[in-house]
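Here is what each chain is made of, one letter per residue.
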Amino acid sequence: MSDPTNDATEPADALVQPASPVLRDLLSRFAGRVLAVSEHRGDATAIVDRAALLEVGRHLRDDAACAFDMLLDVTAVDYLGRRPRFEVVYHLLSIDRNDRVRIKVPLEEEDLVIPSVVPIWAGADWLERETFDLYGVRFDGHPNLKRIYLYEEFEGHPLRKDYPKEKRQPLIGPGAVRRDPMNDDLTR
Amino acid sequence: MSDTHGHGHHVEEEEKPVAKARPIEPTEDSLDLPFEPMELKMGPSHPATHGTVRILLKLDGERIVHSEVEVGYLHRGFEKECESGLWYQAFPYTDRLNYVSPIINNVGYALACEKLFGIEAPERAQWLRVIASEVSRMSDHYTCLGACSLELGAFTAFLYAVEAREQLWDLHDALCGARVTTNYVRIGGLSMDVGRDFRELAKERLAAAGKLQQDLEDLLLSNPIFLDRMEGTGVLPKEKLIELGVTGPVLRAAGVPYDVRRAQPYLVYDRIDYDVPIGEAGDNLDRFLVRIEELKQSRRMIEQCVERMPEGPVDVDDPHVRLAGKGRVFERMEELIAQFKIVTEGPKPPVGEVYQAVEGGNGELGFYLVSDGTGRPVKCRPRSPSFSNTQALSPMIDGAMLADVIPTFDMINMIGGECDR
């Protein structure tokens, strides 16, 4: 395992006045709730307070100067040893404007809950389930938050840095009863 | 602006009942008997779910009332594995993401790493990477078209497609010595240069593949059974596709000309001529035709590249990133030390994070990398097109006929290794 250092995500070149108009717009419109912005290697990044995520998301999708109509990816990063320990990361794409932006939301380990963006981008559904599955981040308001890759009896969240890679868990045996996703009261 | 070749064809407006309510209300001419929708579990080992996936269906007769797609059967912890190794050790794993177009994954990961390091591969390596990516894309498309025709009952067409793919795998072989598990690209370069006979070989194989492709088109595109099953099935409006994060041929078939190679050109894609084909109806037939046309465009690109590719080194001249080469290692102390350090500790990028996208066989393939300045990634995340595209399968087949699942699933072209990571 790597040794996460405390400054792992400090933006390498934080800017007072970013070149990206989207970041400038976010800074002025959501002052105090967009915590920081950076442009590292040409990637525009905004760190957003959890409470403002949905509002920022709607603005980024609906505002004509943003028009980020596609959510490409949702994932999390575990900076074990740093506070806040987790970050949920969203990658957005505007097809018409041919622009990209990255939104990051820091989360404390004890309070690993974040509003779901499924109402804004329907494509977040599986991506948020995956992040829940592998990192244990709970997405508040998700229509169907359950594991997607691993089986329900799996204990823990394997992409966390304190989950040892060598750890083995028994696969569910033939006698195990699994919930049927199509019909919750039906078992087989 | 991208050039567009629309494949306009008339599609009859087919009313799709939005089936949500269950149990289903009996209609006037039906007997008033208690009725329950039939449950059918397709997969995970169904002949038509190449790649392991389970589709749960609730059927009213042959009409799909409700469907759910279960993925994850091929999950093997790609990210965990990459985080525990050195940066350069992730390459063999990237082969196995989309294993029918492995070199595109190699290239995507290498470009992301290079963005993180702040370096650029030499000119010749960039041209070779374009050639290799397009060869891979062609083998991906041939696999997709072949598997689709097989599953719709056209076994002969499948053999043509697989034979064409065989020609391209010979080119993989000439590039890197492997046919499927390529492991070809390196941070800052390539594992090896091509031989002098590559240009002739490429022309020969592409011509052979092109001839087979013509046979494939002749067989399928005049076949009423094939057309019936493809035309007008699996349609989703483009707004819905964008909302769901669908990219690649499926999105382009619906008329959205988004192609990463054209939108945000990488390597030398801005220096070669090609068109971005788009469709109109966004049905399975358009997805098929877009792939057919993309095969022709890829061939055009490779033909240009083998002619215009300059001579020169294929690796960056930077001992902190790339091995110095065995020849000098045996002669000089400094090169030996550099090689030892690079192999055991790995190259160390600066602190930071990047996202780099390339156009994969099925859509935007991106890599999100986070570095804390050590030889190991904090995060190595592939944004896989298959995952987002497969999510759109359920809305595409809900309300359709059971038989429509097959061509729709084929045209989404889910690749388990990439979808399940």
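These remarks concern the structure in this document. (Residues numbered from 1 in each chain as written. Chains lettered and ligands numbered in written order. Predicted model: local features only at pLDDT ≥ 70, side-chain atom pairs only at ≥ 80, totals over all residues. Heavy atoms only, no water.)

**Topic: the overall build of chain A**
Across its full length, chain A carries three helices and nine strands. The secondary structure elements of chain A, listed N-terminal to C-terminal, are α-β-β-α-β-β-β-β-α-β-β-β. Scored against the burial criterion, the 188 residues of chain A give a buried share of 53%. (Helix = DSSP H or I, 4+ residues; strand = E, 2+ residues; numbered from the N terminus. Buried < 20%, exposed > 50% of the residue type's maximum accessible area, 1.4 Å probe, protein only.)

**Brief notes about the pattern of salt bridges**
Evaluation of the coordinates by the stated rule reveals 46 salt bridges over all chains. The salt bridge involving E108(A) is made with R83(A); its shortest N-O contact spans 2.9 Å. Here the residue E108(A) occupies a position in the loop between β5 (99-107) and β6 (113-115), and R83(A) occupies one in the loop between β3 (70-78) and β4 (86-94), the gap between them amounting to 25 residues. Residue classification places E108(A) among the partly exposed residues on the basis of a relative accessible area of 29%. Judged by relative accessible area, R83(A) falls into the exposed class, the value being 61%. R102(A) is the partner of E353(B) in a salt bridge, and the nearest nitrogen-oxygen pair spans 3.8 Å. (Salt bridge = Lys/Arg side-chain N within 4 Å of Asp/Glu carboxyl O.)

**Points about helix α1 (residues 21-29) of chain A**
Residue and element names in this part refer to chain A. Taken together, the buried positions of α1 are V22, L23, D25 and L26. Buried residues of α1, viewed axially, fall in a sector of 160 degrees; they line one side. In α1, those exposed residues whose orientation departs by more than 90 degrees from the buried face are P21 and S28. In this structure, the buried side of α1 is in contact with β1 (34-40), β2 (43-48), α2 (53-62) and β5. (Arc of directions from axis to C-beta. Contact = heavy atoms within 4.5 Å.)

**Re the interface of chain A and chain B**
Counting from both sides, the interface comprises 55 residues of chain A and, opposite them, 61 residues of chain B. Between chain A and chain B, a total of about 4,700 Å² is buried, with carbon and sulfur atoms accounting for 54% of that surface. Linking chain A with chain B are nine salt bridges, by the criterion used here. Between D43(A) and K115(B) there is a salt bridge whose closest N-O contact spans 2.7 Å. In this structure, the connection of chain A to chain B is made through 31 residue pairs in polar contact (both at pLDDT 80 or more). For the side of chain A that touches chain B, the secondary structure elements donating two or more residues are β3, β4, β5, α3 (124-135) and β9 (183-187) of chain A. Sort the elements by how many residues they give to the side of chain A that touches chain B and β3(A) lands first, with nine residues. Looking at side-chain class alone, the side of chain A that touches chain B contains 29 nonpolar, eight polar and 18 charged residues. (Buried area = accessible area lost by both parts, 1.4 Å probe. Polar contact = N/O pair within 3.5 Å; in protein donor to acceptor, adjacent residues only side chain to side chain. Nonpolar A, V, L, I, M, F, W, Y, C, P; charged D, E, K, R; others polar.)

**Considering the side chain of E418(B)**
Residues and elements named next belong to chain B. Mapped onto the elements of the fold, E418 is located in helix α17 (residues 416-420). Lacking a salt bridge, the buried E418 has R383 as its closest oppositely charged neighbour, with an N-O distance of 7.8 Å. Excluding residues that lie within four positions of it along the chain, E418 makes contacts with L97, N98, L365, S384, P385 and S386. (Lys, Arg positive; Asp, Glu negative; His and termini not counted.)

**What to know about empty space enclosed by the protein**
Remark: the empty space left among the atoms is shown by a probe the size of a water molecule rolled over them. All names here are of chain A. Taken as a whole and judged by the stated rule, the model has two cavities of 30 Å³ or more. A volume near 50 Å³ is recorded for the second largest cavity. For the lining of the second largest cavity, the secondary structure elements donating two or more residues are α2 and β4. The biggest single contributor to the lining of the second largest cavity is α2, with four residues. Its residues assigned to classes, the lining of the second largest cavity comprises eight nonpolar, one polar and no charged. (1 Å grid on protein atoms, 1.4 Å probe; cavity = no way out; pocket = protein on both sides within 12 Å on 5 of 7 lines; lining within 4 Å. Points joined across faces, edges and corners; volume = space filled by probe spheres on them.)

**Describing the environment of L145(B)**
Residue and element names in this part refer to chain B. Secondary-structure assignment places L145 in helix α4 (residues 123-151). Residues L145 and A161, 16 residues apart in the sequence, show an inter-C-alpha distance of 7.0 Å. Discounting residues that sit within four places of it in the chain, L145 has contacts with L216, F288, R291, I292, L295 and M411.

**Some details on the sheet that holds β5(A)**
Strand pairs in the sheet, formed through backbone hydrogen bonds, run parallel or antiparallel to each other. Residues and elements named next belong to chain A. With mixed pairing, the five strands of this open sheet are ordered in space as β1-β2-β5-β4-β3. Because the sheet does not close on itself, it has two edges, and the strands there are β1 and β3. Along the sheet, successive strands turn relative to each other by an average axial angle of 20 degrees, direction set aside. For β4 and β5, the ladder comprises nine bridges, and the chain directions are antiparallel. Among the inter-strand pairings, L93 is bridged to a residue of β5, identified as R100. The strands that α1 touches are β1, β2 and β5; relative to β1, the one it contacts most, it runs at about 165 degrees. (Pairing = 2+ DSSP bridges. Axes fitted to C-alpha atoms, helices over the stretch in contact; angles between N-to-C directions.)

**Topic: the nonpolar core**
Within the largest apolar cluster, 170 residues are counted, with the highest numbers of intra-cluster contacts made by Y90(A), Y184(B) and L369(B). With twelve residues, α4(B) is the largest single contributor of residues to this core. Each residue touching L369(B), except ones within four places of it in the same chain, is listed here: W87(B), Y109(B), A112(B), C113(B), L116(B), G352(B), E353(B), V354(B), K379(B) and C380(B). (Core = buried A, V, L, I, M, F, W, Y, C linked by side-chain atoms within 4.5 Å.)

**So, the layout of surface pockets**
Within this model, the second largest pocket holds a volume of roughly 330 Å³. As for the second largest pocket, its lining consists of 20 residues, of which G42(A), D43(A), R100(A), K115(B) and Y355(B) are closest to the centre. Of all elements in the fold, only β2, β4 and β5 of chain A together with β6 (352-360) of chain B reach the threshold of two or more residues within the lining of the second largest pocket. Considering each element in turn, the lining of the second largest pocket owes the most residues, four residues, to β5(A). Considering only residue class, the lining of the second largest pocket consists of nine nonpolar, five polar and six charged.

**Observations concerning the pairing of β3(A)**
Look at any regular strand and the pattern is simple: side chains alternate between the two faces of the sheet. Residue and element names in this part refer to chain A. Burial analysis of β3 places nine of its nine residues in the buried class, which makes it a mostly covered element. Relative to β4, β3 runs antiparallel, the two being bridged by eight bridges. Note that in β4 the partner of D73 across the bridge is H91.

**Considering the pairing of β4(A)**
All names here are of chain A. Across the nine residues of β4, nine count as buried, placing the element largely inside the fold. Burial along β4 is two-sided: F86, V88, Y90, L92 and S94 facing one way and E87, V89, H91 and L93 facing the other are all buried. In this structure, the hairpin formed by β4 and β5 is closed by a connection of four residues, where N98 is found at a positive phi of approximately 50 degrees.

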